[in-house]
Amino acid sequence: MRSPVIGGVLAVLGVIALLVVYSSAFIVYQTQQALVLRLGEPLEPITRPGLHWKMPLIDSVVYLDNRILDLENPSQEVIASDQKRLVVDAFARYRIVNPLRFYQSVGTVQGANSRLSTVLNSSLRRVLGENTFTTVVRDERENLMRQIGEQVNREARNFGIDVVDVRIRRADLPEANSQAVFQRMQTERQREAAEIRAQGNEAAQRTRARAEREATIVVAEATSKGEQLRGEGDAERNRIFADAFGRDPDFFAFYRSMQAYEASMKTGDTRMLVSPDSSFFRYFRDPAGAASPAPPPARPAPAN
């Protein structure tokens, strides 16, 4: 039969063995890479994910990110080659490709961001300072970003970093300059609008004058044509009246008298001072319309 002391010793040894195994194993995930430090001195980096081993109580493990990391650079003012001040907002994306050099040069991601931000700012000032405002803002922006990325990447290799991309998010004039430019652009647009409006008013006046002139000509021609037609109509009417009068003078005289009666004796306040013996009322005295006989001439008085 085993002694209880032996069983206790075996149990203690088993626990110690488990602790040794537990402290000797470590796991590297797919999003990580590890660096084993033996008494503070780095060993070969581990980039393969899975279960790995280290010496307990002697080795320590530093985990580094294996993914693409972000560097958000604060906005800064840059003076272009044409002496115009620009507010540039840029960012970078990088990856740790050499864990050993990264740990020896910058140590942590925060340290890498600080060093890389300085490099990015220097490259921005160097590249953008050699180009004009128009080139930076409009013409060669893509090419300038590529140049900045190449310069930053050359210096970042000393930190064990590979710069994936560098982008200029915004490159504008400072707020005060932007307001001045905006006011100048607004004034220019207002001047152009006033000029276009004046040209439109001039064209409208020319069109209106031409239309009024054409309307006057058309009205004058129409009036002339109307007067001509009215004259022809009056002549034709007079001709018809004359022809009718020549065919039956009595009927024509009767018809004209009836029209005169109708026009002069309308309802209303009609007053006429005409002698009843006047020829105007001859058809009232005689339906045939015979004229009143002339009075006999007065006889001369006999001589005494």
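Coordinates for the structure precede this section.
Everything quoted here is computed from the prediction, not taken from an experiment.

A. A look at the overall build of the chain. Along the chain, the regular secondary structure elements total eight helices and nine strands. Here the chain holds 304 residues, and 23% of them are scored as buried. By sequence separation, contacts in the chain at least 24 residues apart represent 62% of the contacts at least 6 residues apart. For the chain, the computed accessible surface area is about 21500 Å², with 56% contributed by carbon and sulfur atoms.

B. View of the sheet that holds strand E5 (residues 59-65). One open sheet accounts for three strands, arranged E3-E2-E5; its pairing is antiparallel. Of all strands in the sheet, those bounded by a partner on one side alone are strand E3 (41-46) and E5. Strand-to-strand twist in this sheet, taken as the mean axis angle between neighbours without regard to direction, amounts to 25°. Bridge count for strand E2 (residues 32-38) against E5 is seven bridges, and the pairing is antiparallel. Looking at the pairing, Gln-32 lines up with Asp-65 of E5.

C. Quick look at the pattern of salt bridges. In this structure the tally under the stated criterion is 17 salt bridges. Residue Arg-191 pairs with Glu-195 through a salt bridge whose shortest N-O separation is 3.4 Å. Of the two residues, Arg-191 and Glu-195 are both situated in helix H6 (residues 175-247); the distance of four residues between them amounts to about one turn of the helix. The exposure class assigned to Glu-195 is partly exposed, which follows from its relative accessible area of 40%. Close ionic contact of Glu-236 with Arg-239 constitutes a salt bridge, the shortest N to O distance being 2.3 Å. Placement of the pair is Glu-236 and Arg-239 together in helix H6, with a separation of three residues, close to one helical turn. Judged by its relative accessible area of 36%, Glu-236 falls in the partly exposed class.

D. Local environment of helix H5 (residues 141-156). The end-to-end C-alpha separation of H5 is 22 Å, in line with the 22 Å expected for 16 residues at 1.5 Å each. Along H5, the residues classified as buried are Leu-144, Met-145, Ile-148, Gly-149, Gln-151, Val-152, Asn-153 and Ala-156. Tucked into the core, H5 has its buried residues touching helix H3 (109-128), helix H4 (133-139) and strand E9 (161-172).

E. Structural context of the side chain of His-52. Summarising the element assignment, His-52 is placed in strand E4 (residues 50-53). Residue His-52 is classed as buried on the basis of its relative accessible area, which comes to 9%. At a separation of 2.8 Å, a polar atom in the side chain of His-52 contacts the main-chain carbonyl oxygen of Arg-48. Excluding residues within four positions of it along the chain, His-52 makes contact with Ser-24, Ala-25, Phe-26, Val-28 and Ile-46.

F. Here's a closer look at the nonpolar core. Membership of the largest hydrophobic core comes to 34 residues, with the highest contact counts inside it found for Leu-120, Leu-124, Leu-128, Ile-148 and Ile-168. Elements represented by at least two residues in this core include exactly strand E6 (69-72), strand E8 (85-96), H3, H4, H5 and E9. Take this core: its biggest share by element is seven residues, from H3. Not counting residues within four places of it along the chain, the set of residues in contact with Leu-124 comprises Asn-73, Gln-76, Val-78, Val-88, Ala-90, Gly-129, Ile-148 and Ile-168.

The rules behind these values
The numbers attached to residues start from 1 for each chain and follow its sequence in the written order. Confidence filtering applies because this is a predicted model: local features only for residues at pLDDT of at least 70, side-chain atom pairs given and counted only at 80 or more, and all residues used for totals across whole chains, interfaces and linings. Heavy atoms from the whole structure form the basis of all side-chain values; hydrogens and water molecules are not counted. Helix and strand assignments follow DSSP, with helices taken as H or I runs no shorter than four residues and strands as E runs no shorter than two, numbered in order from the N terminus. Three exposure classes are used, based on accessible area relative to the maximum for each residue type with a 1.4 Å probe and protein chains only: buried under 20%, partly exposed in between, and exposed over 50%. We call two residues in contact whenever any of their non-hydrogen atoms come within 4.5 Å of each other. Reported accessibility uses the Shrake-Rupley method at a 1.4 Å probe radius. Residues are deemed covered only where the shown protein chains occlude them. Note on pairing: two strands pair once DSSP finds at least 2 bridges between them. Only the stretch in contact is used when a helix axis is fitted, and all axes are lines through C-alpha atoms; the angle between N-to-C directions ranges over 0 to 180 degrees. Any Lys or Arg side-chain nitrogen found within 4 Å of a carboxyl oxygen on Asp or Glu counts as a salt bridge. To estimate the expected span of a helix, count its residues, drop one, and scale the result by 1.5 Å. Counting of polar contacts relies on pairs of N or O atoms within 3.5 Å, with two restrictions inside protein: one atom must be capable of donating a hydrogen and the other of accepting it, and residues adjacent in sequence are counted only when both atoms are side-chain atoms. Grouping buried Ala, Val, Leu, Ile, Met, Phe, Trp, Tyr and Cys residues that are joined through side-chain atoms within 4.5 Å yields what is termed a nonpolar core.

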